[in-house]
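Working through the structure, step by step
Below, each chain spelled out in residue letters.
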Amino acid sequence: MSKKGFYITTTLPYVNAAPHIGFALEIVQADVLARYHKEFLGEELFFNTGTDEHGLKIYRKALEEGKDPQAYTDEYAPKFDKLKSALHLSYTHFVRTTDEHHVRAAQELWRRCASRGDIYEKNYKGLYCVGDEMFLKDSDLVNGKCPNHPTMDPVEVEEKNYFFRLSAYQEKLLAYLSKDGAVIPERRRREATQFVENGLEDFSVSREKARLSWGVPVPEDETQVMYVWFDALTNYISTLGWPEDAEGSYKKFWENGVVVQTAGKDQVRFQSIMWQAMLMSAGVKTTDMIVYHGHITSGGQKMSKSVGNVIDPFEIVEKYGTDALRYWLLREMPTFEDGDFTLERFEESYNANLANGLGNLVSRVIKMASTSGVEAPKSPDIGNDPAFNLFKKYLDTFEIKKAADCIWQRIADADKKIDETKPFKLVKEKPEEAKKILGDLLKEVQAIAFMLKPFLPETSEKAAEALRRLELAQPLFPRIEK
RNA sequence: CGCGGGGAGGAGCAACUGGUCGCUCGUUUGGCUCAUAACCAAAAGGCUGCGGGUUCGAAUCCCGCCCCCGCAACCA
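All figures in this text were calculated on a predicted structure; none of them were measured in a lab. (Residues numbered from 1 in each chain as written. Chains lettered and ligands numbered in written order. Predicted model: local features only at pLDDT ≥ 70, side-chain atom pairs only at ≥ 80, totals over all residues. Heavy atoms only, no water.)

**So, the sheet that holds strand 15 (residues 339–341)**
Sheet architecture is open: 3 strands sit in the order 14-13-15, paired in mixed fashion. Edge strands, defined here as strands with exactly one partner in the open sheet, are strand 14 (301–302) and strand 15. (Pairing = 2+ DSSP bridges. Helix = DSSP H or I, 4+ residues; strand = E, 2+ residues; numbered from the N terminus.)

**Quick look at the protein's contact with RNA strand B**
Neighbouring RNA strand B are 37 residues; N16, I296, K302, N360 and R364 lie closest to it. When the atoms of RNA strand B within 4 Å of the protein are grouped by moiety, sugar and phosphate amount to 62% of the total. At 3.0 Å from a phosphate oxygen of RNA strand B is found a side-chain nitrogen or oxygen belonging to R479. Elements with a contribution of two residues or more to the surface near RNA strand B: helix 1 (21–40), helix 14 (343–371) and helix 16 (400–421). No other element matches helix 14, which puts 11 residues into the surface near RNA strand B. Residue composition of the surface near RNA strand B, grouped by class: 14 nonpolar, 10 polar and 13 charged. (Near = heavy atom within 4 Å. Polar contact = N/O pair within 3.5 Å; in protein donor to acceptor, adjacent residues only side chain to side chain. Nonpolar A, V, L, I, M, F, W, Y, C, P; charged D, E, K, R; others polar.)

**As for the packing of helix 12 (residues 313–320) against helix 14**
The interhelical angle for the contact between helix 12 and helix 14, taken along N-to-C directions, is 40°, at an axis separation of 13 Å. Seen from above, helix 12 lies across helix 14 with right-handed handedness. Here I316, K319 and Y320 of helix 12 lie close against helix 14, whose contacting residues are L343, F346, E347 and Y350. Its residues assigned to classes, the contact of helix 12 with helix 14 comprises 5 nonpolar, no polar and 2 charged. (Axes fitted to C-alpha atoms, helices over the stretch in contact; angles between N-to-C directions. Left-handed = near helix turned anticlockwise from the far one by under 90°. Contact = heavy atoms within 4.5 Å.)

**Observations regarding the side chain of D52**
Residue placement: D52 occurs in the loop between strand 2 (44–51) and helix 2 (56–64). Comment: no salt bridge for buried D52; closest opposite-charge side chain is K57, at 9.4 Å. (Buried < 20%, exposed > 50% of the residue type's maximum accessible area, 1.4 Å probe, protein only. Lys, Arg positive; Asp, Glu negative; His and termini not counted. Salt bridge = Lys/Arg side-chain N within 4 Å of Asp/Glu carboxyl O.)

**Things to note about the packing of aromatic side chains**
Any two aromatic rings considered together are summarised by their centre-to-centre distance and by the angle between their planes. This structure, assessed with the given rule, holds 27 aromatic pairs. Taking 5.3 Å as the distance between ring centres and 70° as the angle between the ring planes, the aromatic pair formed by W110 and F230 counts as edge-to-face. One end of the pair, W110, is in helix 5 (residues 100–115); the other, F230, is in helix 8 (residues 228–233), with 120 residues separating them in the sequence. Exposure class is identical for W110 and F230. Each is buried. (Phe/Tyr/Trp six-rings, centres within 6.5 Å; stacked < 30°, edge-to-face > 60°.)

**A look at the pattern of salt bridges**
In total, this model carries 31 salt bridges according to the counting rule given. Between K4 and E43 there is a salt bridge; the shortest N-O distance is 3.7 Å. Of the two residues, K4 sits in the segment before strand 1 (5–9) while E43 sits in the loop between helix 1 and strand 2, which places them 39 residues apart along the sequence. By relative accessible area, K4 is classed as partly exposed at 47%. Ionic pairing is found between K160 and D221, a salt bridge with its closest N-O pair at 3.0 Å. Of this pair, K160 sits in strand 6 (residues 155–164) while D221 sits in the loop between strand 9 (206–208) and strand 10 (224–226), and the two are 61 residues apart along the sequence. What makes D221 buried here is its relative accessible area of 9%. Connected via shared salt-bridge partners are D31, R35, E39 and R326.

**Some details on the domain arrangement of chain A**
One can read the domain layout of chain A as domain 1 (5–298) and domain 2 (342–469). In this structure, domain 1 and domain 2 have C-alpha centres spaced 42 Å apart. Of the roughly 1300 Å² buried where domain 1 meets domain 2, counting both sides, 79% is carbon and sulfur surface. Three residues stand out in domain 1 for area buried against domain 2, namely V32, Y36 and F40, and they jointly supply 46% of the buried area on that side. (Domains from an automatic or database assignment. Buried area = accessible area lost by both parts, 1.4 Å probe.)

**Some points on the pairing of strand 1**
Among the 5 residues in strand 1, 5 count as buried, and that is most of the element. With burial as the criterion, each face of strand 1 is covered, one bearing G5, Y7 and T9 and the other bearing F6 and I8. In the sheet, strand 1 pairs with strand 2 via 5 bridges, with the strands oriented parallel. Of the residues in strand 2, the one forming a bridge with F6 is L45. At this point the chain moves from strand 1, through helix 1, to the parallel strand 2, and the crossover so formed is right-handed. (Right-handed = clockwise from strand over helix to strand, strands pointing away.)

Dropping the structure here:
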């Protein structure tokens, strides 16, 4: 009997800038769900992430640095892969949209949509800035000129583009969106539904190669390349080996497994609407669930280089440790809504919950147990524990923060129990009774360490090890002194 | 202009299917001493942005207004 397949993927970050903490949030959330399904539910895991490497922005960035686009992306893609060790991620596959196989898959998806009659030619007319070599939208214009080139007059240019017949999918998309769990949280489902109900327009899916060569060639038309995200979206199935599926991963995980995507709230239209319509057109199963997270602001404002409030995930990890950042992303951030990051509150929460809460509890229990001659506990047995079942229920519904709250409730309860039963005092008067209490406390800490596994894998392992040896060499989280 | 989110004790958030405003951090006091000056308990602190309305009763529903944040860029 083969194990059930669980597929989870993040969106692919664009490689024209350093990894953003917002992406760290997305991938750490995905990591918790992945570890939960693999380690707690025993499912077989396919966890995908990667990099989006085509398109004008990257092409120009490469030119700026005097590099060939492929050489540029070869240099930048590993910087994203570095997140794996920095954040202790458990992803199993890293796809690059410049991978040969991915390119072929994107072309095959195109062919299937085209043979369905959903891709057609149309002349696109618009204002074009020669300086930027790109089309301007009305909203881009400043006094009728390109904001970057106020001395140049935008020219009206007409070019052939291919369009995708999104308008044909209104009914099917509404049916899709009404499925249980298709869009999480519920609020975003209403947003997507409303958007579809308001009427859908076909969208452009290609660019003239003469203007932009850095992309996937459109099959059977040498003059066109795919517009970046048509190709990028295909990664979710190309990573599984679609369409050949030589290893059977596509069948196992996409067709017969549970398919979960994570994405930022700005992605609703792309992921839940356009991508799903593309899948329908190509005759591929749609995504089962898409979980949308919020955005992280910094000091109450959107992060931006010009404001200078960008938070670098690597810096936080280096200074405070991987699990400190994971903790903040998972429990201090609302799971589905926006949250604000300030270093001050980050440190406050670190001291309160990691140093004083979790770290101190492990430390005091182990110290008492080892000095009282209590034996190390056997392997954890929390299968029927009601608190654990609630915790699982939250993880089953993607409520990551609430699940984490269960753990910290347990920490608080253990601290309270120590205060009420006073084993440190009892050990001098009624040693047997004290030992019994300490044995129970060790089991509690063991359960806490176990539940911590998907959230703070490294800390969980350290705590488990300390329990086995009844010795804690280093504090789990040293206090941050001001 | 428009669209969306939000204004709650010093700070961050829960309550938004109307019925004593809950939690965390911080502050003060008491307890404890096993622990990373940690832990436990208690207390102080709110006309829930403003003005109207509906109701026996509104943070919660309705109307008007004010303010903040996204929707353009680097960017999830």
